[in-house]
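The chain contents come next:
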Amino acid sequence: MRGLWGRVWQRRTPLVVLMAVVGIAGAVLVTRDSGGGHLAANRAQLRKACDGTLPYGDLERLVRDERPGELREHGTMLAPGQESRSLLDCSLSWGDGFGVRVHAEALVSDVPEAVETRDLLEPAGGRGTFVAPGTTGQYGKRGAWLVADCLGGLGGRVRPTTDLYVTARVTDGTEGADGTDGTDSADEPGEADGADEATAGNGKPDRATALLGFRTAVHVANALTKAQHCGSGPLTTPTAVLDTDETHGAPGQGLRKCEWIDGSSLPGVASGSWTTLGDLQESTGLSACAGEWDAEKNAGERPRPKQWRVTEVEAASWSGILGRSAYDSYEREGHVPGWGAEDDKRPSEAGSEAGSETDSEADAGADTRQEDRVSSYAGRPQLALWAQSVCGGRTTYHRVAVLPEIRLEDGETAVIGGKDRARLSTAARTVLDRYLDADDGWPASAKCRDTKVLGEVEQWH
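Described below are features of the structure shown in this document. (Residues numbered from 1 in each chain as written. Predicted model: local features only at pLDDT ≥ 70, side-chain atom pairs only at ≥ 80, totals over all residues. Heavy atoms only, no water.)

Details of helix H2 (residues 39-52)
Then step 1. With 14 residues, H2 should reach 20 Å at 1.5 Å per residue; the first-to-last C-alpha distance of 18 Å fits that figure.
Then step 2. Where H2 bends most, at Gln-45, the angle is about 30°.
Then step 3. Taken together, the buried positions of H2 are Asn-42, Leu-46, Ala-49 and Cys-50.
Then step 4. Packing partners of the buried residues in H2 comprise helix H3 (56-59), strand E1 (70-74), strand E2 (86-95) and strand E3 (98-106). (Helix = DSSP H or I, 4+ residues; strand = E, 2+ residues; numbered from the N terminus. Expected span 1.5 Å × (residues − 1). Bend = angle between axes of the 7 residues up to and from the residue. Buried < 20%, exposed > 50% of the residue type's maximum accessible area, 1.4 Å probe, protein only. Contact = heavy atoms within 4.5 Å.)

Printed below as a string of structure tokens:
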């Protein structure tokens with residue numbers, strides 16, 4: 001009898017073991033479902049979120065399994081009847097610092113980014129950031145931002161516009177506790193964006209994160225312009241970003257579009273070796289170049305230039321909404337033609353055709369000027385010259401500036417006389433002409449025409 005029961009137990013043993021294994025596995029699955037198991041639902045949410053505008057293929061790897069995704073979204077693309085200046089404002093978070101936020105609006109005012117000459121040449125205040133060549137924009141505190149055209153017009157709440165502004169910020173778990181970086185969905189772009197740029201461990205923006213931000217912004221922009229029937233072609237999705245920090249190989253130095261800045265062939269500037277720097281956006285809407293007399297290269301070859309000799313030059317162009325934004329920015333600082341002009345200042349040249357005034361006329365007009373004092377507290381003294389053209393069918397502002405050699409200790413002042421002032425004026429006009437006529441320069445590639453000089457600005461008061 002005992003042998004029979006022994007044989008029965010032996011036959012049942014595998015079944016008991018199998019049931020035990022199944023029971024353990026079931027317990028594991030129950031435990032996992034209580035704190036995870038959301039991957040499929042979160043991926044499905046990513047496909048549909050933000051009106052289906054997000055690049056699923058790029059963002060899929062960020063989706064987490066541990067908890068349901070948290071989606072916040074609003075904008076006139078989702079609810080056409082609501083009052084919002086946003087076409088789309090959307091954030092999706094999966095916890096542990098993984099998430100994405102995008103914002104898009106039809107611009108009816110200036111671009112909410114710094115676009116003055118030095119902002120294009122030294123983004124992030126010279127600390128370095130990223131650009132995606134061919135994309136008009138940079139990587140900043142709201143992630144990647146860009147400006148795109150919608151020639152057929154965008155539906156704005158205030159008035160129709162053809163300018164689209166998009167930001168995209170992607171986080172991959174290296175920052176705060178949630179994917180929105182502590183920011184909330186806000187109708188005004190940037191009002192709730194209190195966090196700094198997404199950064200790597202060394203404090204610099206992370207290259208991979210920047211690229212993902214640009215790709216997301218471009219994908220959203222293309223989806224919106226298609227939905228709005230803009231009549232504009234899609235933007236090219238970037239495959240790489242460039243570091244703008246000069247300490248990383250100075251990628252903006254020696255660009256072909258800035259070769260017209262040459263101390264050996266540009267009259268009115270200090271002769272010798274010059275170093276040039278240009279923006280890297282490769283944009284059809286803006287461009288910037290700067291050059292500086294290179295003290296290191298000229299050491300032992302040429303003496304330091306005399307006082308008031310031009311040792312730096314700048315040139316920049318902005319089209320469409322970017323032009324208006326740049327001009328307004330300089331105007332707020334009092335650095336546009338006619339702003340705060342005094343009776344003894346040279347009359348404005350607004351409306352004059354480029355090249356219509358001779359150097360002798362410029363000298364004669366300036367020689368009658370009284371002496372002017374320049375304080376060491378005036379920042380970087382310079383004479384700027386503004387002009388306006390039609391480039392690529394859009395109204396475009398150009399600004400060139402000549403920066404003279406001036407050596408002052410704190411609290412000191414220097415005197416600039418009429419002849420020095422006239423030489424600066426002539427140099428500024430020469431720089432403008434050379435910039436506009438350069439075969440490889442941005443104005444030539446943009447087919448600029450109908451240029452009118454708007455006037456000079458003395459930036460030393």
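Read on, since the account is not over.
A short note on the sheet that holds strand E7 (residues 161-172)
Then step 1. Strand order in this open sheet of 6 strands is E1-E2-E3-E7-E6-E5, and the pairing throughout is antiparallel. Either end of the sheet is taken by a strand with one partner, and the two such strands are E1 and strand E5 (137-140). With strand direction ignored, the average angle separating the axes of adjacent strands in the sheet is 15°.
Then step 2. Of the pairings in the sheet, the one linking E3 to E7 comprises 9 bridges and is antiparallel in character. (Pairing = 2+ DSSP bridges. Axes fitted to C-alpha atoms, helices over the stretch in contact; angles between N-to-C directions.)

Examining the environment of Thr-244
Then step 1. Tracing the sequence through the fold places Thr-244 in the loop between strand E8 (242-243) and strand E9 (274-278).
Then step 2. The class for Thr-244 is buried, based on a relative accessible area of 13%.
Then step 3. Ignoring anything within four residues of it in the chain, the contact list for Thr-244 reads Pro-123, Gly-128, Thr-129, Phe-130, Val-131, Pro-251 and Leu-280.

Section: the state of the cysteines
Then step 1. Throughout the structure, instances matching the rule amount to 4 disulfides.
Then step 2. Between Cys-50 and Cys-90 runs a disulfide, and the two sulfur atoms are separated by 2.0 Å. Disulfide Cys-50-Cys-90: torsion about the S-S bond near -70°, hence left-handed. On the criterion of sequence distance, the pair formed by Cys-50 in helix H2 and Cys-90 in strand E2 is long-range, its members being 40 residues apart. As far as the burial class goes, Cys-50 and Cys-90 line up, both buried.
Then step 3. Two residues share a disulfide in this structure: Cys-258 and Cys-289, whose sulfurs sit 2.0 Å from each other. Taking the torsion about the sulfur-sulfur bond, which here is approximately -80°, the covalent link between Cys-258 and Cys-289 counts as left-handed. (Disulfide = S-S within 2.5 Å.)

Bear in mind that shape data such as this cannot, by itself, settle questions of function.
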